[in-house]
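Breakdown of the fold
As a plain string of letters, each chain reads:
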Amino acid sequence: MIRLRFQKDLLIALSGACLASLALLTVSLYSLWTIQTDHVRVSRHVAQLAEISAPGLAASLAAADYATIEKIAAAIKNAPDIEKLEIRNETGTLDLMLQDGSSDADLASLTRPLVAGPDGDAGQIGRIRIYFPDRTASHAGFWWISLAAAMAAGTLLWGIWRLRRALERDIAHGNQLPYGKGPGRGRGDNRSPQRRDGAGQEDIPAPFGHLFDSETHMASLVSEEGHLVDVSKGWLTRSGYRREAVVGVKITEFLADPDREMIRKRLSDMRTEQRPQKGTLRFRRADGSVSDVWFSATAVFMPDGKAYTLSVIQDISELTGKSGKPITAEFSDYLTGLVNRVGFEKMLADLVAGAAPEDRIACLIVDLDRFKAVNDHHGYAAGEEILRAFVKRAAGALQTASLSARLGGDEFAVAVAGADAPSTAASIARALHAATAEPFQIGAAAISVTVSIGIAFSPEDATDSEDLIRFAAIAATSRKAEGGNGIRNFEPQMLASRKRRRETEADILRGIEENLFEPNFQPITCLKSGQIIGFEALMRLNHPEKGLIPPAEFIAIAEETKWIDRAGRQLFTKSLSGLGALSRARGDDRLHIAVNLSPVQLTPQKVAFMADELKAHGIDAGRLTVEITEAVFMEDSRRVSDSLRMLKEMGCRIALDDFGTGYSSLSYLTRFHVDTIKIDQTFTKGLTHSDAVLAARSRRLIEGIVAIARKMDCTMVAEGVEDEEQAEQVRAIGVAYGQGYLFSPPLPLEAALKRV
Ligand code: C2E
Ligand code: CA
Ligand code: CA
């Protein structure tokens, strides 16, 4: 019988190993395939990048304009996948290299000549070499793994086959496998299905073999009466108890006094409500020390029909700060083991009330930037893992705080009390900020997040804890409004700008409510013929008391609150009626209309709305241009790419707005085809700059953009054309269309009707 059991166990083990080898084989073959396709994609992207940046680089090299060369080089270097970049000229006077770190390991490269000179007599004046990761370098490793896995699977299959035959023979000889209840094996064998409940003495099956064998998990099984039935090896190692000393003992014996009642209640809640319980408690080790642990408990029903509680605990004492006060589950955050909002508000109030006159208290509000996007793209589990990892990275700094909490979501709070609170708070803030310097590795993804931190002090900023938290939060929000990723101390004028913001928010809501958003129309003119070919619809908020409010005053807030979507819908409908009226006034149904869409507006629902409106107004989608900025590509989300694809399929044109600011849009052009490039106002204005060097630079940049646009088959519009000379220069460089005060400012519909 023993032999049979051994053979059966071996068969199971061999089958498991065989499956594992097959899985490894599949994974490594799949890796080989993805590496190869990825390599092809990146090589193509790099080639395009070199292609479109070469004309601008060549022109700048010919003019010895090193500032522009550096700007373009930095833009290429910043494109994804680019590790290193070299630009040289033939004479050897320029040798520019941009590189992160120093490792040259496993890089592939691509070289392109830089050619300049008059048509027909152009010559190579330099070259650019772009380095990118050579992902195929790991090919050999995966081939070896595949080979080894295939051989292992083969050998194991053979072993299984042999064993099965032997087993069948033995069974045929009359042996039977032991199933169900039986005498079982000794206590030393941790896979034993037989455990004794010290209280009940019944046999219970335990299907948690690996968990209870685990050295890393602190798992325990508790009977309905609250007695420990079994604990994992890790539980024993970390708690310091011997197995004989704990089996059969009441679970509450291992908890610090204040938590006992809470746990008793939660275990009974768990059974009655049938829902897992999580939280923190104070756990007593064999040596008498007490530490904070995070627990998760769930009811399990065994084949014997009895209910047990399976609980896993994890030591989090290093995360909970130095306060030394026990944090009860009611005040603790299950995710990080820090204090929760209720606990923080209460404890900070105590801290403020108990502070000596010379004591200062600092309150920090710590808010991760754009964390919702992380949740949206990578899922909540990844988001939670980042929050935990962030706390772990910051654990050292949090130890020096009097109080650290997660208020909820991605918002944390820290309090520091004492005469040196300002300096301690500043160093904690720096450490929290530094904790996001490196991306978080979650599964295969390296996710970068940044953090905004606001700090307020008692007694100088506020004397009660509620204001202290509120003001620190205002400082954090104000840091966010400046682009996030940094630290800001509270200043009283933030309250004034907050008031202004509230007013603007009220204006926007009223605008949405009362349909007050309307377009002004700015002509886009053909530089050769002087004919108006279309209009850009620019948003205004026509406030009954304040008059026309320009977009600079409300767009940012409308985007942040996503109210821009509803405002934009009003604008779109009115823009299309305006276009209808303008077309009728001119008797020309080819006039086109351009509208601006910010990233939050690019949703499939919005595109569907636009399609319906176009139909309702009888306007062909080909007459609509959607202006987007590079911010759209930075979102890099499914929603955005789906929306852009839908717009293209409808037949709309896409324009890349504000192009040229630092060439940062360059790398996006290779990945998404746009129909129109709008050269940013600063370059048009730069053409007539009083400093001849700067003027020449703007000229070369526009020449570079024109060269790119030609390669990518895009039309061009120069924005911000204010005088004849600028119009003449952009026309001479090869820009087809212009827009700006020279031709007309944005006009209300009635005025625009008179211009067509
Ligand atoms: P933009 O899309 O770059 O629009 C061009 C801006 O330049 C407009 O400012 C226009 O009035 C101004 N402009 C035109 N010609 C000249 C010129 O010759 N010289 C100078 N100095 N400025 C000129 P506006 O209307 O204040 O719009 C500002 C920004 O607000 C727009 O920049 C756009 O980013 C945003 N915006 C406007 N309407 C909408 C909208 O409907 N939706 C969204 N999401 N954003 C909008
Ligand atoms: Ca625009
Ligand atoms: Ca623009």
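The text that follows walks through the structure, step by step, so that each part is easy to find. In this text the structure is predicted, and so the values were computed from the model without any measurement.

1. Points about helix H9 (residues 371–378)
The complete set of buried residues in H9 reads Phe 371, Val 374 and Asn 375. Down the axis of H9, the buried side of the element spans an arc of 95 degrees, and every buried residue falls inside it. The elements touched by buried residues of H9 are strand E12 (360–368), helix H10 (380–393) and strand E16 (445–447). One or two steps after H9, the chain reaches Gly 379, where phi turns positive at roughly 95 degrees.

2. Regarding the coordination of the calcium ion (ligand 2)
The calcium ion (ligand 2) binds to the protein through Glu 536 (OE), Asn 596 (OD1), Glu 627 (OE) and Asp 657 (OD); the donor distances cover 2.1 to 2.3 Å. In this structure the calcium ion (ligand 3) is found 4.0 Å away from the calcium ion (ligand 2), and Asp 657 serves as a bridging donor for the pair. Residue Asn 596 is found in strand E22 (residues 592–596), and its partner Asp 657 is found in strand E24 (residues 653–659); the two are separated by 61 residues along the sequence.

3. A few points about the environment of Asp 620
With respect to the helices and strands, Asp 620 occurs in the loop between helix H17 (604–616) and strand E23 (624–628). Sequence separation of Asp 620 and Ala 421 is 199 residues, and the distance between their C-alpha atoms is 65 Å.

4. Thoughts on the site of ligand 1
In the vicinity of ligand 1, 22 residues are found, and the nearest of them are Gln 522, Arg 540, Gln 681, Glu 722 and Tyr 741. Within the side chain of Gln 522, an N or O atom sits 2.9 Å from a nitrogen atom of ligand 1. One of the backbone nitrogen or oxygen atoms of Tyr 741 is found 2.8 Å away from an oxygen atom of ligand 1. Look at ligand 1: alone it shows 800 Å² of surface, and the protein chains cover 81% of it. Listed by contribution, the elements that provide at least two residues to the shell around ligand 1 are strand E20 (532–543), E24 and helix H21 (681–686). With four residues, E20 is the single largest residue contributor to the shell around ligand 1. Split into classes, the residues belonging to the shell around ligand 1 amount to eight nonpolar, seven polar and seven charged.

Rules and cut-offs
Residues numbered from 1 in each chain as written. Chains lettered and ligands numbered in written order. Predicted model: local features only at pLDDT ≥ 70, side-chain atom pairs only at ≥ 80, totals over all residues. Heavy atoms only, no water. Buried < 20%, exposed > 50% of the residue type's maximum accessible area, 1.4 Å probe, protein only. Helix = DSSP H or I, 4+ residues; strand = E, 2+ residues; numbered from the N terminus. Arc of directions from axis to C-beta. Contact = heavy atoms within 4.5 Å. Donors = N, O, S within 2.8 Å, 3.2 Å for Na, K, Ca; no water. Near = heavy atom within 4 Å. Polar contact = N/O pair within 3.5 Å; in protein donor to acceptor, adjacent residues only side chain to side chain. Areas by Shrake-Rupley, 256 points an atom, 1.4 Å probe, with all protein chains shown as cover. Nonpolar A, V, L, I, M, F, W, Y, C, P; charged D, E, K, R; others polar.

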